[in-house]
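Observations on chain architecture
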Amino acid sequence: AFLAEHHLRFLVGKYHEDNDFTPRAYYHAEKVVYTGCEFYVRFIRNDSITTRQDKRKNLMDMKDVLQSVHDFTARIPNPETVKNIRQKTVGAYLSLFYVADIYQYKGMDYAAYYDKKLVRACSYSVKSRIKAYIFSLSPRLYMYVHKLVG
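Quantities reported herein were computed from a predicted structural model and do not represent experimental measurements.

On to the overall build of the protein chain. Counting its regular elements, the protein chain contains 7 helices and 0 strands. At 16 Å, the protein chain has a C-alpha radius of gyration in line with the 15 Å of a compact globule built from 150 residues. Looking at the protein chain as a whole, 35% of its 150 residues are labelled buried. Counted over contacts in the protein chain with a minimum sequence separation of 6, partners at least 24 positions apart contribute 64%. Accessible surface for the protein chain amounts to roughly 9,900 Å². Of this, 56% is attributable to carbon and sulfur atoms. Taking the average place of the 24 positive charges on the side chains of the protein chain and the average place of its 15 negative ones, the gap between the two points comes to 6 Å.

Written as structure tokens, this is what we have:
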């Protein structure tokens, strides 16, 4: 009933769809309770979506998730809630951007994998805004700085 009432669905065919679903579920929940029980267990196996070497689809899908979360939060009246949801999601995107290292693939349209304006719009903390600023200057520069500073 809860999922149907709030139109909660996983994005079909997308990796990292939980980064879109979870904030929506939390937002619509009347109550969230900590139980101390494990409900989520991650199995690490070769060639899973998180361990495979080629992360281009991961990155493209995470960009779509970031856009979806941005659009969803635009309808939320509480600015603090918007900030928290967007900040968490842009952090996941920027981490994946670094790990994906799309510049190792020659002759492709790199710009399809990022949206500089969206990254800036979802960044709120000082650290995140600095990352977003560097990213908006140049995603390659962001990769270089991230490698140096971590």
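Once the structure has been displayed, the description carries forward.
Now for the nonpolar core. Of all hydrophobic cores here, the largest spans 30 residues; its most connected members are L59, Y93, F97, I102, V119 and F135. Counting only elements with at least two residues in this core, the list comes to helix 3 (56-73), helix 4 (79-100), helix 5 (116-121), helix 6 (126-137) and helix 7 (139-149). With 8 residues, helix 4 is the single largest residue contributor to this core. F97 has contacts with L59, I102, Y103, Y113, Y114, F135, P139, Y142 and M143, leaving out every residue within four places of it along the chain.

Let us now look at the pattern of salt bridges. All chains considered together, the criterion is met by 6 salt bridges. Salt-bridge contacts for D61 lead to K14; the nearest nitrogen and oxygen are separated by 3.7 Å. Linking D61 in helix 3 with K14 in the loop between helix 1 (2-5) and helix 2 (18-28), this pair joins segments that are 47 residues apart in sequence. Linking R56 and D54 is a salt bridge whose minimum nitrogen-to-oxygen distance equals 2.7 Å. A residue is classified by how much of its surface remains accessible, and R56, at 26% relative accessible area, is partly exposed. Three or more residues are tied together by salt bridges with common partners; here these are K14, K57, D61 and D64.

It is worth spelling out the environment of D61 at this point. On the basis of relative accessible area, D61 is assigned to the buried category, the value being 4%. The spatial distance from the C-alpha of D61 to the C-alpha of H28 is 24 Å, given a sequence separation of 33 residues. Apart from the residues within four sequence positions on either side, D61 is in contact with G13, K14 and Y15. A polar atom in the side chain of D61 sits 2.7 Å from the side chain of K57.

The calculated volume of the largest pocket comes to roughly 470 Å³. As for the largest pocket, its lining consists of D18, T22, Y26, K31, V32, V33, Y34, T35, G36, C37, F39 and Y40. The residue inventory of the lining of the largest pocket, partitioned by class, reads 7 nonpolar, 3 polar and 2 charged. Looking at the lining of the second largest pocket residue by residue, the class counts come to 4 nonpolar, 3 polar and 4 charged.

Here we come to the packing of helix 2 against helix 3. Two numbers describe how helix 2 lies on helix 3: the axes approach to 9 Å, and their chain directions differ by 20°. Here helix 3 runs roughly parallel to helix 2, going by the angle between their axes. Between helix 2, through N19, D20, P23, R24, Y27 and H28, and helix 3, the contact on the second element is made entirely by M62, V65, S68, V69 and F72. Looking at the contact of helix 2 with helix 3, its residues break down into 6 nonpolar, 3 polar and 2 charged.

The next thing to look at is unusual backbone geometry. A positive phi angle, near 55°, is found at H7, a position not held by glycine. Judged by its relative accessible area of 67%, H7 falls in the exposed class. Not every positive phi belongs to a glycine, and D101 is a case in point at roughly 45°. If you trace the backbone, D101 turns up in the loop between helix 4 and helix 5. Given a relative accessible area of 31%, D101 falls into the partly exposed group.

Cut-offs used in this document
Residues numbered from 1 in each chain as written. Predicted model: local features only at pLDDT ≥ 70, side-chain atom pairs only at ≥ 80, totals over all residues. Heavy atoms only, no water. Helix = DSSP H or I, 4+ residues; strand = E, 2+ residues; numbered from the N terminus. Rg over C-alpha atoms; globule rule 2.2 N^0.38 Å. Buried < 20%, exposed > 50% of the residue type's maximum accessible area, 1.4 Å probe, protein only. Contact = heavy atoms within 4.5 Å. Areas by Shrake-Rupley, 256 points an atom, 1.4 Å probe, with all protein chains shown as cover. Lys, Arg positive; Asp, Glu negative; His and termini not counted. Charge placed at Lys NZ, Arg CZ, Asp CG, Glu CD. Core = buried A, V, L, I, M, F, W, Y, C linked by side-chain atoms within 4.5 Å. Salt bridge = Lys/Arg side-chain N within 4 Å of Asp/Glu carboxyl O. Polar contact = N/O pair within 3.5 Å; in protein donor to acceptor, adjacent residues only side chain to side chain. 1 Å grid on protein atoms, 1.4 Å probe; cavity = no way out; pocket = protein on both sides within 12 Å on 5 of 7 lines; lining within 4 Å. Points joined across faces, edges and corners; volume = space filled by probe spheres on them. Nonpolar A, V, L, I, M, F, W, Y, C, P; charged D, E, K, R; others polar. Axes fitted to C-alpha atoms, helices over the stretch in contact; angles between N-to-C directions. Parallel < 35°, antiparallel > 145°, perpendicular 65-115°, else oblique.

Everything listed here is a matter of geometry and, on its own, says nothing about what the molecule does.
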